[in-house]
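Spelled out, the chains give:
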Protein chains: 2
Amino acid sequence: MAQSTGPRICLVGVGLIAGSLGLALRGRPEIGEVIGLGRHPEQLQRALAHGAVDRVTVSAADALADVDIVVLGVPLGAIRTVMAEIRPHLPEQAVITDVGSAKGCVVADVEAEFGGPLPRFVPGHPIAGTEHSGVEAAFGRLFVDRRVILTPTPQTDEDALERVQRLWAWAGARVVTMSVDHHDRMLAMTSHLPHMLAFGLVDSLASDPSHEEIFRYAAGGFRDFTRIASSDPVMWRDICLGNRDALLEALAAYRGDLEQLTALIEAADGEGLEGVFRNAKQIRDGYLQWFEDRVDED
Amino acid sequence: MAQSTGPRICLVGVGLIAGSLGLALRGRPEIGEVIGLGRHPEQLQRALAHGAVDRVTVSAADALADVDIVVLGVPLGAIRTVMAEIRPHLPEQAVITDVGSAKGCVVADVEAEFGGPLPRFVPGHPIAGTEHSGVEAAFGRLFVDRRVILTPTPQTDEDALERVQRLWAWAGARVVTMSVDHHDRMLAMTSHLPHMLAFGLVDSLASDPSHEEIFRYAAGGFRDFTRIASSDPVMWRDICLGNRDALLEALAAYRGDLEQLTALIEAADGEGLEGVFRNAKQIRDGYLQWFEDRVDED
């Protein structure tokens, strides 16, 4: 009884993020049904086998009939195409949200497709994930105690925002809201820039003639540092293109700081170097403490 | 009986690395005694309480009488001073080794102090450690299955090298040898450069006006990436100064690669970006697989 009255959720593209959301939502009394929509039957079958969805289909008309919430789990570069494909089949009252790592480009794509703001679209970004991808890596507790950032625009419908907030709360996440620009600038610094540095480091070392030996002797610190360089190349290509301005700004600031650090080493300025390292350690330790407190707090 | 005939080891400066070596060696039948030598009685008492040494002293004469192997566990910047202090008390046949993260500067300091090559000095570097420091963080299994690089010079005594190889083998390490220059160049790329990037990132973000919020929303990838920025500032100051040339070379190569990556983003060159990321992921995944195989292999 409860199942049939709860919202029907359609996951468009069932990879790590959407698949984990499906695993978190399925079987909850508040949820009606979780439907997987995609292009590739074999990928959909894997999502079904992994337990991420109740049923799957390659037909947008079939998937979207009477749907209440549509979650776009596709790469940033596919948002516009997918919106064009699902648009003719969207029920008028359906709420749409996405999980992309940059928000300005998603809002721009949706508005381009709809010829203006779409009040029932709620841009979203769960701050969770691993360096793995694909539905096989999905797990239902991925969002527990993790932050999900929603970035409603001035035109976003209040009711649509509340529905998406509830959806993520059911998955155990802590939902916060902020502006699109603020999100993109902050994520450029905390996530997109570090990924560029890690990809750049592996790429730089790989071009060294003795790279096999280099990787052989690398210690645990290096392994941690470069873990994020194992992330999905297409996803990161799209993030670079989608959040280009904020990422370039963060890269410019970082490159300036690295230049200064290089100058201190060139000058053999021990006092200056120790000051930079002491400052970084103090901030990092404070952040770590805060992070551990947060993990423990509930 | 066995204890009294085994080698006496003197640890000069009992922090994370030397303390862990002491914990690994103490109580082994091959070892005679582990003595802690330092300047600060309260630090020595902590080493004793932590079980890293059999006895402690602030007297070099006392510590070095009849000693067989001296392990310098002090920061790179203190090597020359410590060598000057212990030199008058060194038994002629005693073998000396160190644990510093750069080797050229240590060899130069030792040779400067002794007015030429010291055949019974074996430069060493265990590729192990954590972002913590101090003897309280020491543990006896730190070196198990980890590599220890010894960098004998053309003048290094064969017997001295063998003794130091045995010492690390008793601690469970895999001992390899290579030239001083090769070590310094390789470590600049796999360890010193990544530390600079992590320190630089934390420093860069900390100078942003909204840094508190930035750190609050940073995800697990960021935490891993910046873990090494919590390392000891004095140690890293000394590494920068001690391995300056190789580190500057690695930084220059990296900055060039980062410039190219930035140019790809500026040009919105999706194909080029995907190529870089795909290459990095492939290499990183291959390295990870190798690393896991290594951990499992015995």
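Throughout this document, residue positions are counted from 1 along each chain, in the order its sequence is written. Naming scheme: in the order in which they are written, chains are lettered from A and ligands are numbered from 1. Local features in this predicted model are restricted to residues whose pLDDT is 70 or higher, and side-chain atom pairs enter the listing and the counts only when it is 80 or higher, whereas totals over whole chains, interfaces and linings include all residues. Side-chain measures were taken over the full set of non-hydrogen atoms in the model, leaving aside hydrogen atoms and water.

The name recorded for chain A in an unreviewed UniProt entry is prephenate dehydrogenase, from Spiribacter salinus M19-40. UniProt positions are given in the numbering used here, feature names are shortened, and annotations may be inferred rather than shown by experiment. Quoted straight from UniProt, the Sequence similarities (unreviewed entry) entry for chain A says "Belongs to the prephenate/arogenate dehydrogenase family."

Student: Help me understand the domain arrangement of chain A in this model?
Tutor: Size of an interface: often given as the accessible area lost when the parts come together. Residue and element names in this part refer to chain A. Once the domains are mapped, chain A shows domain 1 (2-178) and domain 2 (183-267). When checking whether two residues touch, look at their non-hydrogen atoms; a contact exists if any pair is within 4.5 Å. The interface of domain 1 with domain 2 comprises 15 residues on the first partner and 14 residues on the second. Here a polar contact is recorded for every N or O atom pair within 3.5 Å, except that within protein the pair must consist of a potential hydrogen donor and a potential acceptor, and residues adjacent in sequence are included only if both atoms are side-chain atoms. One can count 5 residue pairs in polar contact (both at pLDDT 80 or more) joining domain 1 with domain 2. Gly counts as polar in this scheme, as do all residues outside two lists: the nonpolar Ala, Val, Leu, Ile, Met, Phe, Trp, Tyr, Cys and Pro, and the charged Asp, Glu, Lys and Arg. Residue composition of the side of domain 1 that touches domain 2, by class: 7 nonpolar, 6 polar and 2 charged. Residue ranges for the domains trace back to a domain assignment, done automatically or taken from a database.

Student: Would you mind showing me how to read the relation of the copies chain A and chain B here?
Tutor: Here the second copy of the chain follows from the first by a rotation about an axis and a shift along it. With an RMSD of 0.0 Å, chain A superimposes on chain B once it is rotated by 180° and translated 0.0 Å along the axis. The operation mapping one copy onto its partner corresponds to a two-fold rotation axis. It is Phe225(A) whose C-alpha, among those of chain A, lies nearest the rotation axis, at 2.2 Å. Most of the interface of chain A is mirrored in chain B: 100% of its interface residues are interface residues there too. Overlaid copies result from least-squares superposition on C-alpha atoms, with residues included only where pLDDT is at least 70 in both.

Student: Explain the sheet that holds strand β8 (residues 147-150) of chain B to me, please; I cannot follow it from the model alone.
Tutor: All names here are of chain B. If you walk across this open sheet you meet the 3 strands as β7-β8-β9, and the pairing is mixed. The open sheet has two free edges, formed respectively by β7 (124-126) and β9 (174-177), since each of these has just one partner strand. Neighbour-to-neighbour, the strand axes of the sheet open up by a mean angle of 20°, direction not taken into account. Two strands are counted as paired when DSSP detects at least two bridges linking them. Runs of E in the DSSP output that reach at least two residues are strands. Runs of H or I that reach at least four are helices, and both are numbered from the N terminus. As defined by bridge partners, β8 adjoins β9 across 4 bridges and the pair is classed as parallel. Paired with Ile-149 across the strands is Val-176, a residue of β9. Note on geometry: axes are lines fitted to C-alpha atoms, helical ones only across the stretch in contact, with angles between N-to-C directions running from 0 to 180 degrees.

Student: Looking at this structure, I do not really get the packing of aromatic side chains. What am I missing?
Tutor: Think of a pair of aromatic rings as described by two things: how far the centres are apart, and how the planes are tilted against each other in angle. Residues and elements named next belong to chain B. Side-chain rings of Phe, Tyr and Trp, where Trp is taken by its six-membered ring, are said to pair if the distance between their centres is within 6.5 Å; with planes under 30 degrees apart they count as stacked, over 60 as edge-to-face, and otherwise as tilted. By the definition in use, this model includes 4 aromatic pairs over all chains. Taking the centre distance of 4.9 Å and the plane angle of 75° together, the rings of Phe-143 and Trp-168 count as edge-to-face. Residue Phe-143 is located in the loop between β7 and β8, and its partner Trp-168 is located in helix α7 (residues 158-170); the two are separated by 25 residues in the primary sequence. Since its relative accessible area comes to 1%, Trp-168 is described here as buried. Directly above the aromatic system of Phe-114 lies the positively charged group of Arg-87, at a separation of 4.6 Å from the ring centroid. The buried label applies to any residue whose accessible area, calculated with a 1.4 Å probe on protein chains only, is under 20% of its type's maximum; exposed applies above 50%, and partly exposed to all values in between. Only lysine NZ and arginine CZ atoms are considered, and such an atom sits over a ring when it is within 6 Å of the ring centre and within 35 degrees of the ring normal.

Student: Whenever I open this one, the UniProt feature "coiled-coil region" (unreviewed entry) in chain A confuses me. Can you help?
Tutor: The sites that carry the UniProt feature "coiled-coil region" (unreviewed entry) are, in the present numbering, residues 244-271 of chain A. Taken end to end, residues 244-271 of chain A is 89% helix and 0% strand, and its first and last C-alpha atoms sit 36 Å apart.

Student: Honestly, the pairing of strand β5 (residues 95-98) of chain A in this entry has me stumped. Any pointers?
Tutor: Each regular strand displays side chains that alternate between the two surfaces of the sheet. Residue and element names in this part refer to chain A. Neither face of β5 is exposed, since Val-95 and Thr-97 on one face and Ile-96 and Asp-98 on the opposite face are all buried. Seen with its strands pointing away from the viewer, a crossover is right-handed if its path from the first strand over the helix to the second goes clockwise. Note on the crossover from strand β4 (residues 69-72) through helix α5 (residues 79-86) to β5: the handedness is right-handed. Bridge count for β5 against strand β6 (residues 121-122) is 2 bridges, and the pairing is parallel. From the neighbouring strand, Thr-97 faces β6, where its bridge partner is Val-122.

Student: What should I look at first to understand the packing of helix α12 (residues 244-266) of chain A against helix α12 (residues 244-266) of chain B in this one?
Tutor: The description of two helices packed together rests on the angle between their axes and the distance between the axes. Contact geometry for α12(A) and α12(B): axes closest at 11 Å, N-to-C directions at 165°. As judged from the angle between their axes, α12(A) and α12(B) are roughly antiparallel. The hand of the α12(A)/α12(B) crossing is left-handed. Across from Arg244(A), Leu247(A), Leu248(A), Leu251(A), Tyr254(A), Arg255(A), Leu258(A), Glu259(A), Thr262(A), Ile265(A) and Glu266(A) in α12(A), the residues of α12(B) making contact are Arg244(B), Leu247(B), Leu248(B), Leu251(B), Tyr254(B), Arg255(B), Leu258(B), Glu259(B), Thr262(B), Ile265(B) and Glu266(B). Its residues placed into classes, the contact of α12(A) with α12(B) shows 12 nonpolar, 2 polar and 8 charged. Relative orientations are named as follows: roughly parallel for angles under 35 degrees, roughly antiparallel for angles over 145 degrees, roughly perpendicular for angles from 65 to 115 degrees, and oblique for any other angle. The handedness criterion is simple: a crossing whose near helix is rotated anticlockwise from the far helix by less than a right angle is left-handed, and one whose near helix is rotated clockwise is right-handed.

Student: Sorry if this is basic, but what is going on with the sheet that holds strand β8 (residues 147-150) of chain A here?
Tutor: Each strand in a sheet pairs with another by means of backbone hydrogen bonds, the pair being arranged parallel or else antiparallel. All names here are of chain A. With respect to topology, 3 strands assemble into an open sheet ordered β7-β8-β9, the strand pairing being mixed. This sheet does not close on itself; its edge strands, each paired only once, are β7 (124-126) and β9 (174-177). With direction set aside, neighbouring strand axes in the sheet form an average angle of 20°.

Student: Help me out: how do you make sense of the interface of chain A and chain B in this one?
Tutor: Contact residues are listed per partner, giving 85 residues for chain A and 85 residues for chain B. Buried surface area refers to the total accessible area, computed with a probe of radius 1.4 Å, that the two partners give up upon joining, counted for both partners together. Between chain A and chain B, roughly 8200 Å² of surface is buried when both sides are summed, and carbon and sulfur atoms account for 68% of that area. Considering only the side of chain A, the residues that lose the most area to chain B are Tyr217(A), Phe277(A) and Arg284(A), jointly responsible for 9% of the buried surface there. In the sections that follow, a salt bridge refers to a side-chain nitrogen of Lys or Arg positioned within 4 Å of a carboxyl oxygen of Asp or Glu. Counting across the chain A and chain B interface gives 6 salt bridges. In this structure, Arg255(A) engages Glu259(B) in a salt bridge whose closest nitrogen and oxygen atoms are separated by 4.0 Å. Summed over the shared surface of chain A and chain B, the number is 20 residue pairs in polar contact (both at pLDDT 80 or more). Those elements giving two or more residues to the side of chain A that touches chain B turn out to be β8, α8 (180-206), α9 (211-217), α10 (220-226), α11 (233-242), α12 and α13 (270-296) of chain A.

Student: Whenever I open this one, the pairing of strand β5 (residues 95-98) of chain B confuses me. Can you help?
Tutor: Residues and elements named next belong to chain B. Taken together, the 4 bridges between strand β4 (residues 69-72) and β5 define a ladder with parallel strand orientation. Counted as the bridge partner of Val-70 is Ile-96 from β5. Between the parallel pair β5 and strand β6 (residues 121-122), the chain is carried across by helix α6 (residues 104-114), and the sense of this crossover is right-handed.

Student: Just to check I follow, could you spell out the pattern of salt bridges for this structure?
Tutor: Opposite charge on two side chains permits them to pair, given that their charged atoms come into close proximity. Residues and elements named next belong to chain B. Tallied over the full model, the rule gives 44 salt bridges over all chains. Where Asp-145 meets Arg-174, a salt bridge forms, and the shortest distance between an N and an O atom there is 3.7 Å. Pair noted here: Asp-145 is in the loop between β7 and β8 and Arg-174 is in strand β9, with a separation of 29 residues, a long-range link. Looking at Arg-174, the relative accessible area reads 19%, which means it is buried.

Student: Explanation requested: the environment of Ala198(B) in the structure shown.
Tutor: Mapping Ala198(B) onto the fold places it in helix α8 (residues 180-206). Residue classification places Ala198(B) among the buried residues on the basis of a relative accessible area of 0%. As a C-alpha pair, Ala198(B) and Ser230(B) span 32 residues in sequence and 9.2 Å in three-dimensional space. Those residues in contact with Ala198(B) that lie beyond four places of it in its chain are Phe225(A), Phe225(B), Thr226(B), Ile228(B) and Ala229(B).

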